[in-house]
Amino acid sequence: MRVLPTFGRHLRRRFGFRVCKIPLSIPAFTCPNIDGRYGRGGCSYCVNESFSPNLEKTASIVTLETQISALRKQYRSSAKRLRALGFKGFIAYFQSFSNTYAPVESLRALHDRALALKDCVGISVGTRADCIDDDMLNYLSDLNERTYLWVEIGAQSSHDSTLEAINRRESFDTVAKTIAKLKARDIRVCAHTIFGLPRETDEMIMQSIDRVAALNIDAIKIHPLYIVKNAAIAKKDLEPLTIERYLDLLINAIKRLPESVIYQRVSAGVDNDTLIAPKWCANKNRAMSLIRNRLLQEGIAY
Ligand code: SF4
């Protein structure tokens, strides 16, 4: 039986106790593909509220103190619940929007406050590759010296035609170059990929897996394309990804990825009524159980 290096297993080995991520949404953070810097409207599947349970709508002018107080509030309420489940340490996961799309000094203040929170053992920053310039890279490098840091980069696909079709406003070349720069600084990188993007064949999806793997990533998140209300992609007439096809693709991807790659996620679920399709993503636990069982049949323990 092959036991996959899941993030939970990795963290337990690294810290000696159970650690999980607490997702955080910082008020007034945004994304250059939403605010007009690179594009408007965002990626066609993106509705941040659907995957960021803590996201609160706020006025566009928000002080750093307001952001810090929102961070504390979200962190404490999640930490209390998770401590009861046996987690002894937490990674502050800056999840919503693009979390390096802010002045370095603001990020430093937020990260310092996060690191001062009880049981916070590290930081994970989700962002776009084009939001990491040299100053940001220097800052992340410094942060990496001070704590257990992950930078999560949205790759989604290695095919520029797909990235264009989903209004990503970023090329795979940018993703590859940014990941190379992060790795040159010894910063842990987790790449995000989506299976089932419009017009992608199974071969194209596997090409993306191979290309992302070649970037020497430390971890990967794989999830099916899911369509939620108010996403631009909801207006298109798309064939939803079936669980059977997703499982075949996932198993194929696992067999191709280097054994050292850590799996931070292999599924997705939307635990609210915004999900349109695929319906099997409506229940995270059930989807995970289907995935686990199918992987076991292949001799893979997740
Ligand atoms: S880069 Fe991320 S936050 Fe920005 S529009 Fe795309 S999915 Fe949404």
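Residues numbered from 1 in each chain as written. Predicted model: local features only at pLDDT ≥ 70, side-chain atom pairs only at ≥ 80, totals over all residues.

Draft legend 1. Molecular detail of the overall build of the protein chain. Looking only at helices and strands, the protein chain features 10 helices and 11 strands. Against the compact-globule benchmark of 19 Å for 302 residues, the protein chain has a radius of gyration of 18 Å, which places it among compact chains. Each principal axis of the C-alpha atoms in the protein chain carries an extent, and together these give about 45 × 45 × 40 Å. In the protein chain, which comprises 302 residues, the share counted as buried stands at 41%. Within the protein chain, residue pairs in contact and separated by at least 24 positions form 82% of the contacts whose partners lie at least 6 positions apart. (Helix = DSSP H or I, 4+ residues; strand = E, 2+ residues; numbered from the N terminus. Rg over C-alpha atoms; globule rule 2.2 N^0.38 Å. Buried ≥ 20, exposed ≤ 12 C-beta atoms within 10 Å, placed from the backbone. Contact = placed C-beta atoms within 7 Å.)

Draft legend 2. Here's a closer look at the site of the ligand. In the neighbourhood of the ligand, 11 residues make up the surrounding shell, with Cys 31, Asn 33, Gly 42, Cys 43 and Cys 46 lying closest. Of the residues belonging to the shell around the ligand, the class tally is five nonpolar, five polar and one charged. (Near = placed C-beta within 6 Å. Nonpolar A, V, L, I, M, F, W, Y, C, P; charged D, E, K, R; others polar.)

Draft legend 3. Region of the structure containing the packing of helix H8 (residues 202–213) against helix H9 (residues 243–256). At a minimum axis separation of 10 Å, H8 and H9 run at an interaxial angle of 30°. Classified by the angle between their axes, H8 and H9 sit roughly parallel to one another. The handedness of the crossing between H8 and H9 is right-handed. Contact with H8, carried on its side by Asp 202, Ile 205, Met 206, Ile 209, Asp 210 and Ala 213, involves Leu 249, Asn 252, Ala 253 and Arg 256 of H9 and no other residues of that element. When the residues that make up the contact of H8 with H9 are grouped by side-chain class, the tally is six nonpolar, one polar and three charged. (Axes fitted to C-alpha atoms, helices over the stretch in contact; angles between N-to-C directions. Parallel < 35°, antiparallel > 145°, perpendicular 65-115°, else oblique. Left-handed = near helix turned anticlockwise from the far one by under 90°.)

Draft legend 4. Looking closely at the packing of helix H4 (residues 104–116) against helix H5 (residues 134–146). Where H4 contacts H5, the two axes come as close as 11 Å, and the packing angle between them is 20°. The angle between H4 and H5 falls in the class roughly parallel. As H4 packs across H5, the resulting crossing turns out to be right-handed. Contacts between H4 and H5 involve Val 104, Leu 107, Arg 108 and His 111 on the former and, on the latter, Asp 135, Met 136, Tyr 139 and Leu 143. Classifying every residue of the contact of H4 with H5 by side-chain character gives five nonpolar, one polar and two charged.

Draft legend 5. Focus on the sheet that holds strand S6 (residues 188–195). One open sheet accounts for seven strands, arranged S2-S3-S4-S5-S6-S7-S9; its pairing is parallel. A single partner strand is all that each edge strand has here, and the edge strands are strand S2 (19–24) and strand S9 (262–265). If you compare each strand with its neighbour and ignore which way they point, the axes differ by 25° on average. Note that strand S4 (residues 120–127) and strand S5 (residues 148–156) share six bridges and pair parallel. Looking at S5, one finds that Thr 127 is bridged to Ile 153. Contacting S2 and strand S3 (89–94), helix H3 (residues 64–84) crosses the sheet at an angle of about 145° to S2. In the packing of H8 onto the sheet, contacts are made with S5, S6 and strand S7 (219–224), and the angle to S6 comes to roughly 175°. (Pairing = 2+ DSSP bridges.)

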